[in-house]
Amino acid sequence: MNIKETAERFGVSPDTLRYYERVGAIPRVRRTAGGVRDFSEEDLGWVETAVCFRSARLSVDALAEYVRLFRQGGDTLQARLDLLVEARNEMLAERARYDAALEKIEYKIARYEDAVATGVLDWRSGASEPPSRS
C-alpha cells in the first residue's frame, strides 16, 4: 500500500507518516525499486499503533522509544511495560481533569436551562453548587 492510501486509511497526512518514519515512531518502511514507500501489513500495524498512541497523547518521543525497545527484543519487555503503564497513568490523570471540567460545565448548563425556563438564574437550585460561580 502506498503512502497516500495508508494516510487515507488512518486519517493522517502523508507528511505525518513521513515524520513518524523519520523520527522512529514507526520502523522504516520498505521502498519499491523506484523509491516509493510500500507499506506492508506489518507496517500498517505500526501505523495503527502510532495513530492510536498519538490520539491518546503519547508523545512522539515516547512512541519512538517504544519502537526502539520493541526492536531490541524480549529483554525490553519490562521497559515497554513501564512505558505503557506511565502512558496509561498520564491518560487517566488527563481524563480525571476532563471529567472535572465536564462536571462543572454540566452544572452550569443545568442552571442556565433552568434560567431560560424560569427567567431566574439561581446557582443554588438543583445540583450541588461548585466552589466557584463564575
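Figured I'd write up the structure that's included with this text.

Calculation criteria
Residues numbered from 1 in each chain as written. Predicted model: local features only at pLDDT ≥ 70, side-chain atom pairs only at ≥ 80, totals over all residues. Heavy atoms only, no water. Core = buried A, V, L, I, M, F, W, Y, C linked by side-chain atoms within 4.5 Å. Buried < 20%, exposed > 50% of the residue type's maximum accessible area, 1.4 Å probe, protein only. Helix = DSSP H or I, 4+ residues; strand = E, 2+ residues; numbered from the N terminus. Contact = heavy atoms within 4.5 Å. Expected span 1.5 Å × (residues − 1). Axes fitted to C-alpha atoms, helices over the stretch in contact; angles between N-to-C directions. Parallel < 35°, antiparallel > 145°, perpendicular 65-115°, else oblique. Nonpolar A, V, L, I, M, F, W, Y, C, P; charged D, E, K, R; others polar. Polar contact = N/O pair within 3.5 Å; in protein donor to acceptor, adjacent residues only side chain to side chain. Salt bridge = Lys/Arg side-chain N within 4 Å of Asp/Glu carboxyl O. Phe/Tyr/Trp six-rings, centres within 6.5 Å; stacked < 30°, edge-to-face > 60°. Lys NZ or Arg CZ within 6 Å of the ring centre and 35° of its normal.

### Digging into the nonpolar core
Item 1. The biggest cluster of nonpolar side chains holds 24 residues, and the ones touching the most others in it are Leu17, Tyr20, Ile26, Phe39, Val47, Leu58 and Leu63.
Item 2. Taken together, the elements giving at least two residues each to this core come down to helix H1 (3-10), helix H2 (14-23), helix H3 (41-55), helix H4 (60-72) and helix H5 (77-118).
Item 3. The element that contributes the greatest number of residues to this core is H4, accounting for six residues.
Item 4. If sequence neighbours within four positions are ignored, Ile26 has contacts with Leu17, Tyr20, Glu21, Phe39, Trp46, Val47, Ala50 and Val67.

### Some points on H4
Item 1. With 13 residues, H4 should reach 18 Å at 1.5 Å per residue; the first-to-last C-alpha distance of 18 Å fits that figure.
Item 2. Every buried residue belonging to H4 is among Val60, Ala62, Leu63, Ala64, Tyr66, Val67 and Leu69, and all of these are buried.
Item 3. Lining the buried residues of H4 we find H2, H3 and H5.
Item 4. Two residues or fewer past H4, Gly73 is found with a positive phi of approximately 105°.

### Overview of the packing of H1 against H2
Item 1. Here H1 crosses H2 at 100°, and the two axes come no closer than 8 Å. Between H1 and H2, the interaxial angle falls into the category roughly perpendicular. Taken together, the residues of H2 that come into contact with H1 (itself represented by Ile3, Thr6 and Ala7) are Pro14, Leu17 and Arg18.
Item 2. Of the residues contributing to the contact of H1 with H2, the split by class is four nonpolar, one polar and one charged.

### With respect to the side chain of Thr76
Item 1. Topologically, Thr76 is positioned in the loop between H4 and H5.
Item 2. For Thr76, a relative accessible area of 7% corresponds to the buried category.
Item 3. Separated by 2.7 Å, the side chain of Thr76 and the backbone oxygen of Leu69 make a polar contact.
Item 4. Discounting residues that sit within four places of it in the chain, Thr76 has contacts with Leu69 and Phe70.

### Looking at the pattern of salt bridges
Item 1. The tally for this structure, following the rule as stated, stands at eight salt bridges.
Item 2. The partner of Glu94 in a salt bridge is Arg57, with the nearest N and O atoms 3.1 Å apart. One end of the pair, Glu94, is in helix H5; the other, Arg57, is in the loop between H3 and H4, and 37 residues separate them in sequence.
Item 3. In this structure Glu94 comes out as buried when scored by relative accessible area, which is 19%.
Item 4. For Arg57, a relative accessible area of 55% puts it in the exposed group.

### Here we look at the packing of aromatic side chains
Item 1. If you walk through the whole model with that rule in mind, you get six aromatic pairs.
Item 2. With a centroid separation of 5.6 Å and an interplanar angle of 85°, the aromatic rings of Tyr112 and Trp123 are classed as edge-to-face. With a gap of 11 residues between them, Tyr112 in helix H5 and Trp123 in the segment after H5 connect regions that are remote in the sequence.
Item 3. We classify Trp123 as buried; its relative accessible area is 13%.
Item 4. Lying across the ring of Tyr107, Arg111 places its NZ or CZ 5.5 Å from the centre.

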